[in-house]
Amino acid sequence: MIIGVPKEIKNNENRVGLTPAGVRELIQRGHTVYVQYTAGENSGFPDMMYEAVGARLLPAIEDVYRIAEMIVKVKEPIEAEYSLAREGQLLFTYFHFASEEKLTRAMMASGATCLAYETVETPDRSLPLLIPMSEVAGRMSVQEGARFLEKPQGGKGILLGGVPGVKPAKVLVLGGGVVGYHAALLAAGAGADVTIADISLPRLRYLDEVMPANVKTLYSSAHTIEQELPVTDLVIGAVLIPGAKAPHLITRDMLKLMQKGAVLVDVAIDQGGCFETSHLTTHAEPTYEVSGIVHYCVANIPGAVPQTSTLALTHATLPYVLKLADKGWRQACAEDKGLASGLNIVDGRIVYPGVAEAFKGIIEN
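In this report, the structure presented in the accompanying data block is examined. (Residues numbered from 1 in each chain as written. Predicted model: local features only at pLDDT ≥ 70, side-chain atom pairs only at ≥ 80, totals over all residues. Heavy atoms only, no water.)

## Structural notes on the sheet that holds strand β8 (residues 193–198)
Paired through backbone hydrogen bonds, the strands of a sheet run either parallel or antiparallel to each other.
Alright, step 1. Reading across the sheet, the seven strands line up as β9-β8-β7-β10-β11-β13-β12 and stay open at both edges, with mixed pairing between neighbours. What marks the edges here is a single partner per strand, and that holds for β9 (215–219) and β12 (287–290). Taken pair by pair, the neighbouring strands of this sheet meet at an average axis angle of 20°, ignoring direction.
Alright, step 2. Of the strands in this sheet, β7 (170–174), β8, β9 and β10 (234–237) are in contact with helix α6 (residues 178–189), which crosses β8 at around 170°.
Alright, step 3. Against the sheet, helix α7 (residues 201–210) engages β8 and β9, with an angle of about 170° to β9. (Pairing = 2+ DSSP bridges. Helix = DSSP H or I, 4+ residues; strand = E, 2+ residues; numbered from the N terminus. Axes fitted to C-alpha atoms, helices over the stretch in contact; angles between N-to-C directions. Contact = heavy atoms within 4.5 Å.)

Okay, structure coming up:
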């Protein structure tokens, strides 16, 4: 198979779809890999490393899309790429269609097969290609939240872990999944007073057992969230409904309960955001204020640490890339139901239930 690795063009997206090690594995199996010039440079993988393992370099993104049977990348195509995807081509990347009507319509019109990292499953229903970036995003959410609590960044001017004689910051993590677990762990390690909220009692019991003593668990409801907000300095939104839009757990009216300079970090922004007042931001302009509350809603948080993220992502995606390249997507998905769950758009039709539900009555399927 001919595999193409284009350079990411989303704002400040520094990751790359495959490392040179991943490319080497494909070439050793007899596949051909084309990599766009400088695609891996910002992740610490210069062109010479790809050439050394046998990749062929191409100057422009159009060239990569034109020649490749399968495109392997990190983030969803942005508008400049919509016309490059073509009928019969397989696109393997993060898509998050449920929150992107324009992208969904464009990919349906392209005729390309869209296989989304975020909905590939294992037999136990976990999400193996979402987990590594969720781990990074969870840890980064606290790192960024702590930065924007600083007064020069618009925050309250509070140190996450406090100092002897001064109380630490209060952190509320909404969602006890992979993102929430890693956010709570990092915040606790910094010395913050952490509460992690979820609607799954078995998950809360597990978190209560494994988390440090400065992490408390809370059953999540609108009432309990409202009770926490007046004393919370940093909120991490970490809810996930696979393939579907995130619910709004904090409404605009709830912001009035919070102290000025508190920070909201919406890690669910890829799926539409879990705060009513959330809208997409970028690493170039990561925050904005609503009612005096700082909002951080960057959709590609792991792009800020591209070397770590690219290595972690390739470790997870490569077995699936190899399977798709060796067998073609139809046979690979027929043999692996978990991989088949990654199919979101096929032959111009939405085939993933969560995406279909998000656009029910909006997009003719």
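There is more to say, and it comes next.
## Considerations on the environment of Leu-339
Alright, step 1. In this fold, Leu-339 is placed in helix α10 (residues 337–340).
Alright, step 2. Sequence spacing of Leu-339 and Tyr-320 is 19 residues, and the spatial spacing of their C-alpha atoms is 7.6 Å.
Alright, step 3. Residues in contact with Leu-339, not counting those within four places in the same chain, are Leu-115, Val-120, Glu-121, Tyr-320, Lys-323, Leu-324, Ala-332 and Cys-333.

## Some remarks on the packing of helix α5 (residues 131–148) against helix α9 (residues 306–335)
Alright, step 1. One can describe the packing of α5 onto α9 by two numbers: an axis separation of 8 Å at closest approach and a directional angle of 155°. What the angle tells us is that α5 and α9 run roughly antiparallel. Within the contact between the two elements, α5 uses Pro-132, Met-133 and Val-136 and α9 uses Ser-309, Ala-312, Leu-313 and Ala-316.
Alright, step 2. Grouping the constituent residues of the contact of α5 with α9 by class yields six nonpolar, one polar and no charged. (Parallel < 35°, antiparallel > 145°, perpendicular 65-115°, else oblique. Nonpolar A, V, L, I, M, F, W, Y, C, P; charged D, E, K, R; others polar.)

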